[in-house]
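One-letter residues, chain by chain:
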Amino acid sequence: MFLTISTTGTAEHPATDLGFLLHKHPGRTQAFSTSHGTAHVFYPEATAERCTAGLLLEVDPVALVRRGQGKGQGGTPDAALAQYVNDRPYAASSLLAVALSGVFRTALKGECAARPELPAQVRPLRIEIPVLPARGGAELVRRLFGPLGWETVTATPVALDETFPEWGDSRYVRLVLEGELRLRDALRGLYVLLPVLDDAKHYWIAPDEVDKLLRAGDGWLAEHPESGLITSRYLARHKRLTRDALERLELVRLAEADGSEVEELDNAVDESRDTEERPVPLAVRRREAILAALRAAGAARVLDLGCGQGQLVQALLGDPAYTEIVGVDVSVRALNVAAKRLRLERMGERQRSRVRLTQGSLAYTDKRLVGYDAAVLSEVIEHLDLERLPALEYAVFGSARPRTVLVTTPNVEYNVRWETLPAGHVRHGDHRFEWTREEFRSWAGQVASRYGYTVAYAAVGDEDPEVGPPTQMAAFTLTAGAQSTATTTAGTTDTPKEGEAA
């Protein structure tokens, strides 16, 4: 990917002052290592009348795939093939923005130790990017760059194939910016807007991205007519971070209108005291949703299948409506932790008679699990290989056959809202899969039909209008006329026997 910065000058103010501003000597070609390749800076022309600096970023495709693990924002925007066939080496994107900030860091800050008067000077500039992704088209490019002070913003669509004009234009444009600006303002605008137009940041978004955005947008972003769109796209549509950034931008705008400092307006909170209302953790909300569903089902004897360290078992013990609670897990260590959590050794006899922890695998039928009112599989199914899932289905729905089965699992669509979760990663290292809402409902509907249950769905956690809730729950209810024996799965002729994997 390639970018050129040109300026003109006179004998008194030579164009080669651009070398001082960029801190790169016009007489040398320089190379800089980046996390995804090598950035080269060179000057195709350098005279007193005209000077051009070029930034060429050579992307290492292998490093790109390794760092991004080949998925999503990790360098490639789409599915598996995209990690090898993509536009990252050629089209200006967040990769170029990061190289820009690394190679021209001092220029972005507006500093020049050798000629301290230069950064404040407005000078004629021409910036050209041959291939720029533009999700939103040429019109959006003009709407974004126009308010930054450029006299002309030329965004020329690039044809998909010049040999076949009937195919139309691609989503790329050739961008030329011309006008009189300070170099630092021009670079800061590029640093923010390149990833905004590409709309596919190659790295995962952390809270410090808000500070980076506000630093680069100082003096222009708060008043930009597209500040909302810029902020949302720059922060990869992370809801909480976008809200934080927009609130801080509004403070900047109000302070400028009032002629005061931001700190003078933003003084309503005593930072020496913690007055923030903390959000309820998702794990707590998940347990609350499960308990509410169990109460609605009128369950008294409950199985916690895959009970882990016993958090749900502990919550169930706190309600006398549950007369028998059985926690099952394949991990002996997890069961020992659960026993310590519940203080089984110190528990009174009456309370102790209500609870039992037992080792067992959900891939096998188990007569001990037959006859209960309800079974809970909370964040369990995603820990199984997909080919082992039919065995669990039969063991729970076909053999144990509780009247109610509650299943919760992550909604993979919501993963883009976790600021600290790298793109393309699942939420836990042991998760073998994570399903979309459609995939989960398809699976649950097939299981319900196969084993004589009806199924209803519920959202757990705050539901995002675009990607849904963080956790999805299915509540299965055994139909009144359901057969007592399991329906065989497709392609299965023999019903598994006790102790055999389904």
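Rules of the game
- Residues numbered from 1 in each chain as written.
- Predicted model: local features only at pLDDT ≥ 70, side-chain atom pairs only at ≥ 80, totals over all residues.
- Heavy atoms only, no water.
- pLDDT = per-residue confidence, 0-100.
- Contact = heavy atoms within 4.5 Å.
- Axes fitted to C-alpha atoms, helices over the stretch in contact; angles between N-to-C directions.
- Helix = DSSP H or I, 4+ residues; strand = E, 2+ residues; numbered from the N terminus.
- Parallel < 35°, antiparallel > 145°, perpendicular 65-115°, else oblique.
- Left-handed = near helix turned anticlockwise from the far one by under 90°.
- Nonpolar A, V, L, I, M, F, W, Y, C, P; charged D, E, K, R; others polar.
- Salt bridge = Lys/Arg side-chain N within 4 Å of Asp/Glu carboxyl O.
- Buried < 20%, exposed > 50% of the residue type's maximum accessible area, 1.4 Å probe, protein only.
- Core = buried A, V, L, I, M, F, W, Y, C linked by side-chain atoms within 4.5 Å.
- Phe/Tyr/Trp six-rings, centres within 6.5 Å; stacked < 30°, edge-to-face > 60°.
- Pairing = 2+ DSSP bridges.

Across the protein, the average pLDDT comes to 84, with 84% of residues at or above 70. Confidence drops under a pLDDT of 50 for residues 69-79, and excluding neighbours within four residues, the segment shows 28 contacts in the predicted structure.

With that settled, the discussion passes to the packing of helix 5 (residues 137-145) against helix 6 (residues 183-198). In contact at an axis separation of 11 Å, helix 5 and helix 6 are set at 155 degrees when each is read in the N-to-C sense. Here helix 5 is positioned roughly antiparallel relative to helix 6, judged by the angle of their axes. Every pair of crossing elements has a handedness; the one defined by helix 5 and helix 6 is right-handed. Across from Leu140, Val141, Leu144 and Phe145 in helix 5, the residues of helix 6 making contact are Leu190, Leu193, Val196 and Leu197. When the residues that make up the contact of helix 5 with helix 6 are grouped by side-chain class, the tally is 8 nonpolar, no polar and no charged.

Applying the stated criterion across every chain yields a total of 24 salt bridges. With a closest N to O distance of 3.0 Å, Glu226 and Arg143 form a salt bridge. One end of the pair, Glu226, is in the loop between helix 7 (208-216) and helix 8 (227-234); the other, Arg143, is in helix 5, with 83 residues separating them in the sequence. Overall, Glu226 belongs to the buried group, its relative accessible area being 18%. Residue classification places Arg143 among the partly exposed residues on the basis of a relative accessible area of 35%. Glu413 serves as the salt-bridge partner of Arg437, at 2.9 Å between the closest nitrogen and oxygen. Here Glu413 lies in the loop between strand 12 (404-410) and helix 16 (437-451) and Arg437 lies in helix 16, a separation of 24 residues in the sequence. The network of salt bridges with shared partners includes Arg126, Glu128, Arg174 and Glu178.

The next thing to look at is the nonpolar core. Formed by 67 residues in total, the largest nonpolar core has its most connected members in Phe104, Phe145, Trp150 and Val192. Looking at this core, the element that brings in the most residues is helix 6, giving 10 residues. Non-local contacts of Phe104, meaning those with residues more than four positions away in its chain, are made with Ile5, Leu22, Lys24, Val41, Leu55, Ala99 and Leu187. Residues Leu369, Val396, Phe433 and Tyr453 belong to the second largest nonpolar core, which totals 31 residues.

At a minimum axis distance of 9 Å, the contact between helix 6 and helix 7 shows a crossing angle of 145 degrees. Of helix 7, the residues touching helix 6 (which contributes Arg188, Tyr191 and Val192) are Lys212, Leu213, Arg215 and Ala216. Taken together, the residues of the contact of helix 6 with helix 7 sort by class into 4 nonpolar, no polar and 3 charged.

Another point: the packing of aromatic side chains. Summed over the entire model, instances satisfying the criterion amount to 13 aromatic pairs. Ring centres 6.5 Å apart and planes at 55 degrees place the aromatic pair Tyr191 and Tyr234 in the tilted group. Here Tyr191, found in helix 6, pairs with Tyr234, found in helix 8; they are 43 residues apart in sequence, far enough to count as distant. The exposure classification of Tyr191 matches that of Tyr234, with both residues buried. Within the aromatic cluster, the residues linked to one another by ring pairs are Phe397, Phe433, Trp435, Phe440, Trp443, Tyr451, Tyr453, Tyr457 and Phe476.

A separate point is the sheet that holds strand 1 (residues 2-8). The antiparallel open sheet is built from 7 strands, whose spatial order is 2-3-4-1-5-7-6. The open sheet terminates on both sides in strands that have one partner only, identified here as strand 2 (30-34) and strand 6 (152-159). Strand-to-strand twist of the sheet, defined as the mean angle between neighbouring strand axes without regard to direction, takes the value 15 degrees. Note that strand 1 and strand 5 (residues 123-133) share 4 bridges and pair antiparallel. Counterpart to Ser6 in the pairing with strand 5 is Arg126. Along the sheet face, helix 3 (residues 94-103) touches strand 1, strand 2, strand 3 (37-46) and strand 4 (50-59) and points at about 125 degrees away from the line of strand 4. Along the sheet face, helix 5 touches strand 6 and strand 7 (169-181) and points at about 160 degrees away from the line of strand 6.

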